[in-house]
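Read off the chains here:
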Amino acid sequence: MRAGTAVRDVTPPAGAAMSGFAARTARATGAHDPLLVHALVVEDTALVTVDVVGLHEDDCAEIGRRCRLPADRVVVHATHTHGGPAGMRGRLGGPVDETWLDALVATCADAVDAAHAAREPVEVRAGYGADPGVARNRRRAGGPVDGALPVLHLRRPDGSLLAGVVSYACHPVVLGADNTLLTADYPGVVRRVLAERLGGPVLFVTGCAGDANTGHSAAASISTAAADGRTFAAAERVGTRVAEAALTAGPQPGPGPGPVRAATRQVALDLDPPTAAEIAAGVTEWEAEAATAEPARAALLREWAAWGRAQPAGPPTWSGPVSVLRWGPALLVALPGEPFAAAAHEVRRHAPPGTTVLVAGYSGGCPGYLPPTEEYAHGGYEVDEAHRYYGMPGPFARGAAERVLDAARALLDADG
């Protein structure tokens, strides 16, 4: 099969509004490492990864429309770094720099077209690296994580690496709300280390990391105080550990050239918005508490109050894509939003045996967390609160994650 790749730098200048922590109101003071777009085209399919906390489904669709490839064969994925700029209108803080966002959309499409034009013969090799042991369930001790580390090598006939792909399910939030330097977080370290060792560009795909990070609760990020273990040195250690585990994979080719296929299914997911009375009561409570809270907590409460006063309008549903790309011995299953580890386990249970399966979240649009039904009883930020920072009318209703998985299973069944 033929494949091509392209890499573009999309780091905005200092002064950009950052996204990922409601407690962080300061703008970017500079860049620690570049924010990148990676495009990988295999025959007439494409994967685009972007170093932002999320992309709106409308912008993902626009990237697909601008490419020379059919839009339904292009998967757009956000690595979900919390050290990047605001990139979703009305979601996860802002304001969004419209000029930068328009340029980002154009850059993604251009990278896909450049990768398509540069295609050359390759062999796809796939396998799993050792579990790096980095991810921890951030909601409850001993809760599920996805320790799988799928790795792809696209090798030229001479054995050199055209591109690599590695996926891991751990929130890119090693850096906390005190950080004001733009960064790809630990995924940038993974890519850099592997590119140096393997001799070619490497794409990082963030897995189903809605309930996983390196070991702190979501509540621990409601602070702009420096924290042990949330430094650039820590990100370097985490990224290097993931990269070294990926180097144990020894990816192997399939039994033949293998098929290249793509399929997408749109899913409509129900929301569970609070009533107007519940919102009004919440606004009163949040504004009163914000008046005496410490600054980081007050920033969060003011964010919630602004959400409540705006009373986000819209239908009680959200629609977005679930996609599957088949590249010979490998499958990429791309899910929207922030799925939990349970979603990845279910997809792999349903995938054909002997296939290396990358289960990506944050693809095709990022409207919020998608907890499995059993998680609603535990409540917490991801279930009860995150929709306010996301600017959504309400959280996703019970059963939304299962509906996404139904779509993924149907696509896998069709793939055969």
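See above for the structure.
Just so it is clear, the structure is predicted and the values come from calculations on it, not from any experiment. (Residues numbered from 1 in each chain as written. Predicted model: local features only at pLDDT ≥ 70, side-chain atom pairs only at ≥ 80, totals over all residues. Heavy atoms only, no water.)

Before going further, it helps to spend a moment on the nonpolar core. Counting 84 residues, the largest nonpolar core has Leu-104, Leu-335 and Phe-396 as the members making the most contacts within it. For this core, the element with the highest residue contribution is helix 2 (residues 98-117), accounting for nine residues. Three or more residues apiece are contributed to this core by two domains, here domain 1 (2-261 + 318-414) and domain 2 (274-315). Discounting chain neighbours no more than four positions away, the residues touching Phe-396 are Leu-269, Asp-270, Leu-271, Trp-318, Pro-367, Gly-368, Tyr-369, Leu-370 and Tyr-376. (Core = buried A, V, L, I, M, F, W, Y, C linked by side-chain atoms within 4.5 Å. Buried < 20%, exposed > 50% of the residue type's maximum accessible area, 1.4 Å probe, protein only. Helix = DSSP H or I, 4+ residues; strand = E, 2+ residues; numbered from the N terminus. Domains from an automatic or database assignment. Contact = heavy atoms within 4.5 Å.)

Looking now at unusual backbone geometry. Omega for the peptide link from Gly-94 to Pro-95 comes to 10 degrees, which places this bond in the cis form. As for its position among the elements, Pro-95 is in the loop between strand 7 (84-85) and helix 2. Of note, Leu-92 is a non-glycine position whose phi angle comes to about 55 degrees, a positive value. Assignment of secondary structure puts Leu-92 in the loop between strand 7 and helix 2. Taking the relative accessible area as the measure of exposure, Leu-92 reaches 4% and is therefore buried. The phi dihedral of Tyr-362 is positive, around 60 degrees, even though this residue is not glycine.

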